[in-house]
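If you want the building blocks of each chain, they are given just below.
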Amino acid sequence: MTLIYTVGALSVLLPVLLVPLVVVRWVPRLRAGRAAERLRATVAGLTAALGRPGAAAVLLLAGSAAVVTICWPLGEALSRLEPHVDHPVFDYVHARRVAGWAEITSFITPMGDRYPLKWVTAVAAIGFAIAWRRRRWWVPLTAMPLQFVLEQYTQEILAKVVDRGHPPTDLGTYPSGGCARVLLTFGTIAVLAALTWRIPRGGRIALATVVALLAAVEGYTRIYAEKHWLTDVIGGWIFGPLLLGVMALALLVVEGRLRPPAARPEATRADALTGS
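Residues numbered from 1 in each chain as written. Predicted model: local features only at pLDDT ≥ 70, side-chain atom pairs only at ≥ 80, totals over all residues. Heavy atoms only, no water.

Notes on the overall build of the chain
What the chain contains, in helices and strands, is 10 helices and zero strands. Listed N to C, the secondary structure of the chain is α-α-α-α-α-α-α-α-α-α in terms of helices and strands. Computed over the C-alpha atoms, the radius of gyration of the chain is 21 Å, within 12% of the 19 Å expected from 2.2 N^0.38 for a compact globule of 276 residues. In terms of principal-axis extent, the alpha carbons of the chain reach across some 75 × 40 × 35 Å. Sequence separation of 24 or more characterises 84% of the internal contacts of the chain that already satisfy a separation of 6 or more. In the chain, 28 side chains carry a positive charge and 17 a negative one; their mean positions are 14 Å apart. (Helix = DSSP H or I, 4+ residues; strand = E, 2+ residues; numbered from the N terminus. Rg over C-alpha atoms; globule rule 2.2 N^0.38 Å. Contact = heavy atoms within 4.5 Å. Lys, Arg positive; Asp, Glu negative; His and termini not counted. Charge placed at Lys NZ, Arg CZ, Asp CG, Glu CD.)

This is the structure we're talking about:
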């Protein structure tokens, strides 16, 4: 019994402890890496050819396809763990469910359902469009509904191609749409907030922590409410951040916030010699 509550406490504590560490230590390294430079070069080429909205659209489509390509074999691998991991975890939780805690988790877990998040999406789209009325107001008005549709259809594609089934108590399948929707909806709101206002670094870290915290709690409640296998939730925790990364990249590109690649010294000297 204690283990169930310990896991619930960890779903709150781990995001609070780990997200600031990841943002402070790993994100700067990723930005300075070769992959980031190649991405900037690709974005610069696409932007020169298609403009910022066109480049963002291409990256959104290509990125979504890449996410499906990654999460498809991941789902097949996780499906093989069902008899060894999912069934024992499900049986353990089912045998130890407490009515009061089950009511609390059942009250929390609908935050990842499509219906309430439709309203969150609509309100955020209108609110940011008003805040951006002197800028590209159509960006948030497009981005918020787009992230909702993007998650829905990529998740449905993965559910069909993996086709792993669901727990006997509900219809939840791979990957957990609730976890992914929470990440996409509130993550996109956090990105738009960072693009709208000058939020200090500590504030941006806090936003990322809150988004991760909501997704972690959503995953825990989906398992306790017996809506998903454990590996469905793990899949949602991987699928959601990947898709959010694609959405965030598209927003940065359309807003021109992705700096161009640094010029190589050889190229700089050649330009000086040719006078270009």
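Thoughts on empty space enclosed by the protein
Under the definition given, this model contains one cavity of 30 Å³ or more. Size it by volume and the largest cavity reaches roughly 40 Å³. Contributing to the lining of the largest cavity are Asp86, Val89, Phe90, Ile223, His228, Trp229 and Leu230. The element best represented in the lining of the largest cavity is helix α3 (residues 82–96), accounting for three residues. When grouped by side-chain class, the residues that make up the lining of the largest cavity number five nonpolar, one polar and one charged. (1 Å grid on protein atoms, 1.4 Å probe; cavity = no way out; pocket = protein on both sides within 12 Å on 5 of 7 lines; lining within 4 Å. Points joined across faces, edges and corners; volume = space filled by probe spheres on them. Nonpolar A, V, L, I, M, F, W, Y, C, P; charged D, E, K, R; others polar.)

Quick word on a nonpolar patch on the surface
On the surface, Leu10, Leu13, Leu14, Leu17, Leu18 and Leu21 cluster together into a nonpolar patch covering about 530 Å² of accessible area. Locating Leu17 in the fold gives a position in helix α1 (residues 2–32). Exposure remark for Leu17: the relative accessible area of 57% places this residue in the exposed category. (Patch = residues over 30% accessible without salt bridge, like charges linked within 9 Å, V, L, I, M, F, W, Y side chains within 5 Å. Areas by Shrake-Rupley, 256 points an atom, 1.4 Å probe, with all protein chains shown as cover. Salt bridge = Lys/Arg side-chain N within 4 Å of Asp/Glu carboxyl O. Buried < 20%, exposed > 50% of the residue type's maximum accessible area, 1.4 Å probe, protein only.)

Focus on the side chain of Ser79
Considering the arrangement of structural elements, one finds Ser79 in helix α2 (residues 34–79). Judged by its relative accessible area of 18%, Ser79 falls in the buried class. The residues contacting Ser79, other than those within four sequence positions of it, are Val162 and Arg164.

Concerning the pattern of salt bridges
Enumeration according to the criterion identifies nine salt bridges in this entry. The partner of Glu37 in a salt bridge is Arg40, with the nearest N and O atoms 2.6 Å apart. Of the two residues, Glu37 and Arg40 both sit in helix α2, three residues apart, roughly one turn of that helix. What makes Glu37 partly exposed here is its relative accessible area of 24%. Salt bridges here are not isolated pairs; linked through shared partners, they connect Glu82, Asp86, Arg164 and Asp232.

A word on the packing of aromatic side chains
Summed over all chains, the structure comprises four aromatic pairs. Relative to Trp101, the ring of Tyr5 has its centre 5.5 Å away and its plane inclined at 70 degrees; by these criteria the two rings are edge-to-face. Taken together, the residues span a long stretch of sequence, with Tyr5 in helix α1 and Trp101 in helix α4 (residues 99–108) at a distance of 96 residues. On the accessibility criterion, Tyr5 (32% relative accessible area) is partly exposed. Classification of Trp101 as partly exposed rests on a relative accessible area of 27%. In this structure, Arg135 is placed above the aromatic ring of Trp132, and the distance from its NZ or CZ to the ring centre is 4.1 Å. (Phe/Tyr/Trp six-rings, centres within 6.5 Å; stacked < 30°, edge-to-face > 60°. Lys NZ or Arg CZ within 6 Å of the ring centre and 35° of its normal.)

Quick word on unusual backbone geometry
Following Tyr174, the chain continues to Pro175 via a peptide bond in cis, the omega torsion being -20 degrees. Mapped onto the secondary structure, Pro175 falls in the loop between α6 (138–162) and α7 (177–196). Despite not being glycine, Asp163 shows a phi value in the positive range, around 50 degrees. Structurally, Asp163 can be placed in the loop between α6 and α7. Of note, the phi angle at Glu226 is positive, near 60 degrees, even though the residue is not glycine. Secondary-structure assignment places Glu226 in the loop between α8 (201–224) and α9 (230–254). Taking relative accessible area as the criterion, Glu226 reaches 6% and is therefore assigned buried.

Everything listed is a geometric property; what it means functionally is a separate question.
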